[in-house]
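Breakdown of the fold
Letter by letter, the chains look like this.
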Amino acid sequence: MDVLAPLIIAATGVPALVIAGWSGRDDSDHARGTGLRWALIALSMFAGALGLYLASGNQRAMYAVVIALVVAVNVLGVSLVLHLRRGSKQAPRR
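Described below are features of the structure shown in this document. In this text, all values refer to a predicted model and were calculated from it rather than measured experimentally. Along each chain, the written sequence defines residue order, and numbers are assigned to residues from 1. Two thresholds apply to this predicted model, a pLDDT of at least 70 for residue-level local features and 80 or more for giving and counting side-chain atom pairs, whereas whole-chain, interface and lining totals are computed over all residues. Side-chain metrics in this entry use all non-hydrogen atoms of the structure; hydrogen atoms and water are not considered.

1. Quick look at the overall build of the chain
Numbering of helices and strands starts at the N terminus; helices are DSSP runs of H or I of at least 4 residues and strands are runs of E of at least 2. Tallying secondary structure elements over the chain gives three helices and zero strands in all. Written out in order from the N terminus, the α and β elements of the chain read α-α-α. Throughout, the radius of gyration refers to the C-alpha atoms, and the reference size of a globule is 2.2 Å times the residue count to the power 0.38. Against the globule reference of 12 Å for 94 residues, the chain gives a C-alpha radius of gyration of 16 Å, more extended than a compact globule. In terms of overall dimensions, the chain has C-alpha extents of about 55 × 20 × 15 Å along its principal axes. Each residue is placed in one exposure class: buried if its accessible area under a 1.4 Å probe, protein chains only, is under 20% of its type's maximum, exposed if it is over 50%, and partly exposed if it falls in between. Here the chain holds 94 residues, and the buried ones make up 29% of them. Any two residues whose heavy atoms approach within 4.5 Å are treated as being in contact. Pairs at least 24 residues apart make up 67% of the contacts formed inside the chain by residues separated by at least 6 positions. Where accessible areas are quoted, they stem from the Shrake-Rupley method and a 1.4 Å probe; at the residue level, only the protein chains shown are allowed to cover. If you sum the accessible surface of the chain, you get close to 6,600 Å²; carbon and sulfur atoms cover 68% of it.

Here it is in structure tokens:
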């Protein structure tokens, strides 16, 4: 049972990694920035899953890992939204 939660968290990081590869395939700076932010979200999910697995016996450490994971993913999500709102300089906004 201690392996199930980290496994689910790691599995939810895989789609973010796929989106990072897909969105970063364009050669523009904006696409690379978007892909980088998605890759950092996936990396934080994998690191959170590993931290949760290593802290499986300690309740306080588990809470700390979950809080750090939630903060990291939300900060990166806000960064992604702001980056997407900024738009690409190559394509004009309408």
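2. Quick notes on the pattern of salt bridges
Counted as salt bridges are all cases of a side-chain nitrogen of Lys or Arg within 4 Å of a carboxyl oxygen of Asp or Glu. Evaluated as defined, the whole model comprises one salt bridge. Between Asp29 and Arg32 there is a salt bridge, with the nearest N and O atoms lying 2.2 Å from each other. Of the two residues, Asp29 and Arg32 are both situated in helix 2 (residues 29–54); the distance of three residues between them amounts to about one turn of the helix. The exposure class of Asp29 is exposed, given its relative accessible area of 59%.

3. So, the packing of helix 2 against helix 3 (residues 59–86)
Relative to each other, helix 2 and helix 3 sit at 175°, their axes nearing to 9 Å. In terms of orientation, helix 2 and helix 3 fall into the roughly antiparallel class. Here His30, Gly33, Thr34, Arg37, Trp38, Leu40, Ile41, Ser44, Met45, Gly48, Gly51 and Leu52 of helix 2 lie close against helix 3, whose contacting residues are Met62, Val65, Val66, Leu69, Ala72, Val73, Leu76, Gly77, Ser79, Leu80, His83 and Leu84. Ten residue types, Ala, Val, Leu, Ile, Met, Phe, Trp, Tyr, Cys and Pro, are classed as nonpolar, four, Asp, Glu, Lys and Arg, as charged, and the remainder, Gly among them, as polar. Split by residue class, the contact of helix 2 with helix 3 holds 14 nonpolar, nine polar and one charged. Interaxial angles span 0 to 180 degrees and are taken between N-to-C directions of axes, which are lines fitted to C-alpha atoms, for helices over the stretch in contact. Angles are sorted into four bins: roughly parallel if under 35 degrees, roughly antiparallel if over 145, roughly perpendicular if 65 to 115, and oblique for all others.

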